[in-house]
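So you can see what is in the structure, the chains are spelled out below.
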Amino acid sequence: MSGSPTAVTAPEPAGTAGTTDPAGTGVETAAAESPAEAPWRRLDRRVIWLDLVMFLLSLTPSFVALVVLDVDFSDGAFGIWPLAVATFLGVTGAVRDLLRWMKTRYRITDERVELRVGWLHRRYRYVPRDRVRSVDATARLRHRLAGLRIVHIGAGEAQPALRLNAVSVAAVAGFRRELLVATGTRPTAADTADTADDTDAPGAATPETPIAELRWSWLLYNLVNIWAFLAAGFLLWSLFWLLQLVNVDLRDVVGGLVDWRELGNGWSAVIITAGSFLLGVIGLGIGFVTENWNFRLVRATTENGTALLTRRGLTQTREIYRDDRRLRGVHTSEPLFWRWLGLAETEVVSTGLAGWTAGQESASVILPRTRIGYARRVAADVLADGVRPLEAPTRAHARAALYRRLLWAVGLPGGLAAALAWLAPTSTVPDRLWLYALAATPVTLVLAVIAYRSLGHTLVEPYVVTRYGLARRYTTALQRRAVIGWKFRQSLLQRIFGLNTLGIATAAGARHYEVPDLGAAQAVAFAHETTPDLLAAFVVRTEPTPVAAAEDPQPPAAAPGSEGWKQECDRPS
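It should be emphasised that the depicted structure is a prediction, and the values quoted were computed from it without experimental measurement.

Procedures and definitions
Residues numbered from 1 in each chain as written. Predicted model: local features only at pLDDT ≥ 70, side-chain atom pairs only at ≥ 80, totals over all residues. Heavy atoms only, no water. Salt bridge = Lys/Arg side-chain N within 4 Å of Asp/Glu carboxyl O. Buried < 20%, exposed > 50% of the residue type's maximum accessible area, 1.4 Å probe, protein only. Axes fitted to C-alpha atoms, helices over the stretch in contact; angles between N-to-C directions. Helix = DSSP H or I, 4+ residues; strand = E, 2+ residues; numbered from the N terminus. Parallel < 35°, antiparallel > 145°, perpendicular 65-115°, else oblique. Contact = heavy atoms within 4.5 Å. Nonpolar A, V, L, I, M, F, W, Y, C, P; charged D, E, K, R; others polar. Phe/Tyr/Trp six-rings, centres within 6.5 Å; stacked < 30°, edge-to-face > 60°. Lys NZ or Arg CZ within 6 Å of the ring centre and 35° of its normal. Polar contact = N/O pair within 3.5 Å; in protein donor to acceptor, adjacent residues only side chain to side chain. Patch = residues over 30% accessible without salt bridge, like charges linked within 9 Å, V, L, I, M, F, W, Y side chains within 5 Å. Areas by Shrake-Rupley, 256 points an atom, 1.4 Å probe, with all protein chains shown as cover.

**Q** An account of the pattern of salt bridges is needed here, citing residue identities and associated values.
**A** Using the criterion set out here, one finds 19 salt bridges in the structure. For Asp44, the salt bridge goes to Arg46, with nearest N and O atoms at 3.0 Å. On the basis of relative accessible area, Asp44 is assigned to the buried category, the value being 18%. On the basis of relative accessibility, which here comes to 35%, the residue Arg46 falls in the partly exposed class. Residue Arg404 is joined to Asp517 by a salt bridge in which the shortest nitrogen-to-oxygen separation is 2.8 Å.

Below you can see the structure in the form of structure tokens.
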């Protein structure tokens, strides 16, 4: 069963006990109310005024187009339909939000947080208080102007268990004091949209040690992106329908800028591509500034120790708390294109943080894309134990790992070329297309070598470090005490080459990290060296037989975990 509570329909039989989540996620479902006599509360009344304002704003485009500008929609490509649909969606959204406010109740008892919501379909949900891991708050611009926040009460899952839209800023601070401080738990990912002068938030007045601040050079690192074309497409699509509200066709506007026929297809394609990329870059730049304005990463002193705190945002301020007691390591990601520029993305490996967050950047991200050297220095400050595991040299993998990649580098384009050559006589594909597939072999060979050089692993007390990846090179430093299991996996090709993929199981971060293509003995040696107690019952020391010893004398086998055994296992197979 997932961590999100399951809604049940009314009627709600009074006095019926709840059903505990069998998966142990801490989120429970029930069709009854808690026996505690805590009063049921409403959402903030300012939601009514906010809905009224949204209702009037939904009518504004129609008023401006039909009354002020007296637009004639009879000759438009879509007629009056875009204006009618936009007005209808805005009005129905405001009315629906008002009905939601009228039928939403919540309360906090000594044992649980409860929520009742629904007009026709009634739902009742609750989360035990001892399972609450975060009290997050977000806000769109209209919420910030009205002094309201959307509260997400989480139990350590990707989706929040309960959502309250919307309450006051003071109520958010009260939730944190009541649900987090009172139970001795700090937020693991409290993404808040509180304003900078909100001093009621936990940690606002506590001592802080700065770790990183916004550098405007980061803006350049985040603009050169293939996503610029997607951003341009979204902006043009939005502008197209926005102009349709006043019966202006963007296609006619662009067509009248220059004589496209005189330019020809070649120059037209160049201008359109360059213009789209420039528009996308501008969009990405605006997005980066609004999201990371006044970025600060600090270590704040809290009632129960210390926590990593990130503050950022212009129109929407976001604050993320990460309890240092749950911190288990750091992780960097270097995409292939940005790797040549020396750029990386940096995250923390921590328990209680969702692996992903729908619609938002993951709470584990501690830095925007920046230089790898700077990212490593910040990671060392985040770990706060004087160890720099990301800067340690790694051990080489078995040479068989390179041979396996070279085989793929030759086999893929060769197989594709053979298939295209076989199809060429049928006129299904062009006759010489198979030559282009075969010509890609030098590129795939270079990529195979790059992929092999990206492999690495090592131990840097008290961390186990792994590195691998071609399209993205992942480097993870995980505390050895966070390792709770190992997984040895072999594909058919790996079995031929004598290789293993070593999987590291942990309760933190992505829950599973890999060390691909280790030699068979190398994998066992590395796992045993990392967690000797965990594998002691499974590692067997092998002794040479008397006959083999007489025919080919060999030195005695080193004991598992000893220095000689590590050197032997680290030797390329």
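**Q** For the packing of helix H1 (residues 46-68) against helix H2 (residues 81-102), give the residues involved together with the corresponding values.
**A** Between H1 and H2, whose axes approach to 9 Å, the crossing angle comes to 170 degrees. Classified by the interaxial angle, the pair formed by H1 and H2 is roughly antiparallel. Seen from H1, the contacting residues are Val47, Ile48, Asp51, Met54, Phe55, Ser58, Leu59, Pro61, Ser62, Ala65 and Leu66; seen from H2, they are Leu83, Thr87, Gly90, Val91, Ala94, Asp97, Leu98, Arg100 and Trp101. The residue inventory of the contact of H1 with H2, partitioned by class, reads 13 nonpolar, 4 polar and 3 charged.

**Q** Give me the packing of aromatic side chains: which residues, what numbers.
**A** For the structure shown, the criterion picks out 8 aromatic pairs. Taken together, a centroid distance of 5.8 Å and an interplanar angle of 70 degrees make the contact between Tyr106 and Phe175 edge-to-face. Of this pair, Tyr106 sits in strand S1 (residues 105-108) while Phe175 sits in helix H4 (residues 169-181), placing them 69 residues apart in sequence. Tyr106 gets classed as buried once you look at its relative accessible area, which sits at 6%. Pairing Tyr124 with Tyr126 gives two aromatic rings, centres 6.1 Å apart and planes at 55 degrees, and the pair type is tilted. Both residues of the pair, Tyr124 and Tyr126, belong to the buried class. One aromatic cluster in this structure is built from Trp218, Phe295 and Tyr374. Seen from the ring of Trp101, Arg42 lies directly overhead, with NZ or CZ sitting 4.8 Å from the centre.

**Q** Quick rundown of unusual backbone geometry? Include the residues and the values.
**A** A cis amide bond links Asn165 to the next residue, Ala166, at an omega of 15 degrees. Positionally, Ala166 belongs in strand S6 (residues 162-168). Following Glu461, the chain continues into Pro462 via a peptide bond in cis, with omega recorded as 0 degrees. Tracing the sequence through the fold places Pro462 in the loop between strand S14 (456-460) and strand S15 (463-468). The phi torsion at Arg511 lies on the positive side, around 75 degrees, for a residue other than glycine.

**Q** How would you summarise the side chain of Arg480 if you had to cite specific residues and measurements?
**A** With respect to the helices, strands and loops of the structure, Arg480 is situated in the loop between strand S16 (472-479) and strand S17 (483-489). Of the residues examined, Arg480 reaches a relative accessible area of 17% and is grouped as buried. A polar contact of 2.9 Å, which involves the side chain of Arg480, links it to the backbone oxygen of Glu529. Apart from residues lying up to four places away in sequence, Arg480 is in contact with Leu459, Glu461, Pro462, Tyr463, Val464, Glu529, Thr530, Thr531 and Pro532.

**Q** Quick rundown of a nonpolar patch on the surface? Include the residues and the values.
**A** On the surface, Val248, Val253, Val254, Leu257, Val258, Leu263, Trp267, Val270 and Ile271 cluster together into a nonpolar patch covering about 770 Å² of accessible area. Residue assignment for the nonpolar patch shows that the elements contributing at least two residues are helix H7 (250-255) and helix H8 (260-292). The dominant element in the nonpolar patch, judged by the number of residues it contributes, is H8, at 4 residues. The topology assignment puts Val254 in helix H7.

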